[in-house]
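Descriptive analysis of the structure
Residue strings, one per chain:
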Amino acid sequence: MKHLDPTLQPVFEEILARNPGEAEFHQATRELLDSLGPVVARHPEYTDAAIIRRVCEPERQIIFRVPWVDDAGQVQLNRGFRVEFNSALGPYKGGLRFHPSVYLGIIKFLGFEQIFKNALTGMPIGGGKGGSDFDPKGRSDAEVMRFCQSFMTELYRHIGEYTDVPAGDIGVGGREIGYLFGQYKRITNRYESGVLTGKGIGWGGSLVRTEATGYGTVFFAGEILKARGSSFDGKTVVVSGSGNVATYAAEKAAALGATVIACSDSSGYVVDEKGLDLDLLKEVKQVRRERLSSYAEARESARFVATTTGGAVWDVPCDIALPCATQNELDGDHALALVRNGCTVVAEGANMPCTPEAVKVFAEAGVAFAPGKAANAGGVATSALEMQQNASRDSWSFAHTEARLEEIMVGIHARCLETADTYGAPGNYVAGANIAGFIQVADAMLALGVI
Ligand code: NDP
Ligand code: 2IT
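Here we summarise the structure given alongside this text.

What counts and what doesn't
- Residues numbered from 1 in each chain as written.
- Chains lettered and ligands numbered in written order.
- Predicted model: local features only at pLDDT ≥ 70, side-chain atom pairs only at ≥ 80, totals over all residues.
- Heavy atoms only, no water.
- Near = heavy atom within 4 Å.
- Polar contact = N/O pair within 3.5 Å; in protein donor to acceptor, adjacent residues only side chain to side chain.
- Areas by Shrake-Rupley, 256 points an atom, 1.4 Å probe, with all protein chains shown as cover.
- Nonpolar A, V, L, I, M, F, W, Y, C, P; charged D, E, K, R; others polar.
- Helix = DSSP H or I, 4+ residues; strand = E, 2+ residues; numbered from the N terminus.
- Contact = heavy atoms within 4.5 Å.
- Core = buried A, V, L, I, M, F, W, Y, C linked by side-chain atoms within 4.5 Å.
- Buried < 20%, exposed > 50% of the residue type's maximum accessible area, 1.4 Å probe, protein only.
- Pairing = 2+ DSSP bridges.
- Axes fitted to C-alpha atoms, helices over the stretch in contact; angles between N-to-C directions.

1. With respect to the site of ligand 1
In the vicinity of ligand 1 lie 26 residues, with Lys137, Asp169, Thr213, Ser266 and Asn351 positioned nearest. The side chain of Arg97 places a nitrogen or oxygen atom 2.9 Å from an oxygen atom of ligand 1. In the model, an oxygen atom of ligand 1 is placed 2.9 Å from a nitrogen or oxygen of the Val245 main chain. Protein contact buries 83% of the 880 Å² of open area that ligand 1 shows by itself. Taken together, the residues of the shell around ligand 1 sort by class into 5 nonpolar, 13 polar and 8 charged.

Spelled out as structure tokens, the structure:
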């Protein structure tokens, strides 16, 4: 690991000491600090006001008990989290993750990333994240509903359209947002549409929000390709995951002329040389909520490779890789395999899916690499568009909303490149995203005083 700037090293040591055992949070803060050397050199006012130390400390962290009763009548117990990280630019904004791996360190890393991602969108939203170690897999709709109701029975007192606006993430989609919104509405006796995003189209949701993260990632990757005189047309693409982000990344890449030949879930991956059948994928994953092997069983051109074989979806040769599953799913060896097989563009649909070693491999090999806080910002940007529609009691067409999303992604891409140039790291999307997002938040924090 390279050395940090001497003014930043003590900041990182303080983060390690104050947040023991939170490896993902350490990784995310370290990655930001790695980009900030040229910024502290040019802006001593940030150091004088302890902006970096303050931005790494959440404004508020809420941890709560979530008891609920399963279908067999047994009492189950989970832990709920909401980390309200930074509200310099607007109400806290960020998703809820329901996954058994969730603990404070994961929610803090996600909330931290969200601050700078949200700044990059140019929308008036601060950063936050929440969730639970609840595992929705194998649970009935009634169990998921009772869990969501119990979760919201505590969360409702902390959120609001001007305070904190949660949305979905891993394990939280339209079904869960419905149950959460219903319980919020019941407790508060307010139809406060702007308190949650990712709502259904018939009750305050925005068209394109479902597709937005995946589509946005592909718009961003499309800008990278364009800058290199290329496009998605005729390219092969591998996505990881087969959830919300992966499915719609695959859909947009295919619409732009690419062949998406593989995707994955935690049980394994499928390779489908004919290109993924996205209707079948949606049926298997979203409607039947089954494992990915069911896709291969239903389609002759596809084969399933189980995780237990030790292989990974990154072994499949491709031109463009879009990691859309979870943090640290693509390591240095996976990156070497991608490079060996001729991959030239990697854009993160997920949050921090590539390990620092993988990012280093891409940099050394000249692979264009777009970090999640830039490339997957389309989801939260469209959440902010949903909030706009709610505030104005309006609803926009699919075409208009998608055009806004594309414009935002094109803008983020340009801002990353410009900022990277200005700070002496031309073409480096990691530096560009970190510095541009940070400076916007830092300037607002300076203006707002020591709070
Ligand atoms: P979903 O729950 O819809 O899908 C998650 C997918 O990733 C599933 O295929 C899941 O497989 C796989 N996955 C999750 N955890 C693991 C794991 N530990 N190991 C292997 N595979 C795993 O979530 P989303 O698509 O919404 O989220 C995917 C990523 O995108 C996350 O990093 C999220 O933070 C990020 N993101 C999401 C946004 C959104 O709007 N939804 C916006 C921006 C970023 P399985 O079904 O087997 O668990
Ligand atoms: O990681 C993310 O940006 C999200 N899960 C979406 C957050 C949001 O508020 O739409």
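2. With respect to the environment of Ala375
Along the chain, Ala375 falls in helix H15 (residues 372–375). Distance from Ala375 to Gly21, taken between C-alpha atoms, is 28 Å for residues 354 residues apart in sequence. Sequence-distant contacts of Ala375, that is, excluding residues within four places in its chain, are made with Gly216, Thr217, Phe220, Ala347, Glu348, Ala370 and Met409.

3. A few points about the environment of Ser267
Mapped onto the fold, Ser267 is located in the loop between strand S7 (259–265) and strand S8 (268–272). Measuring from C-alpha to C-alpha, the distance between Ser267 and Leu278 comes to 19 Å, with 11 residues separating the pair along the chain. Within the local environment of Ser267, its side chain forms a polar contact with the side chain of Asp265, the two groups lying 2.5 Å apart.

4. Here's the deal with the nonpolar core
It is characteristic of soluble globular proteins that their nonpolar side chains tend to be buried jointly. Core analysis: the biggest nonpolar cluster contains 59 residues, and Phe220, Phe232, Val237, Tyr295, Leu322 and Ile412 have the highest contact counts within it. Beyond its immediate chain neighbours, meaning those up to four positions away, Phe220 contacts Ala370, Ala374, Ala375, Met409, Ile412, His413, Cys416 and Tyr429. In terms of nonpolar packing, the next biggest core, distinct from the first, is built from 43 residues, Val40, Ile115, Ile435 and Phe438 among them.

5. Description of the sheet that holds strand S5 (residues 164–167)
The strand order across the open sheet formed by 5 strands is S1-S2-S4-S3-S5, and the pairing between neighbours is mixed. Two strands close off the open sheet at either side, each with one partner strand: strand S1 (60–69) and S5. Direction aside, neighbouring strands of the sheet carry axes that sit 20° apart on average. Looking at chain direction, strand S3 (residues 92–98) and S5 are connected through 4 bridges and run parallel. Residue Gly94 lies in a different strand from S5, and its bridge partner there is Pro166.

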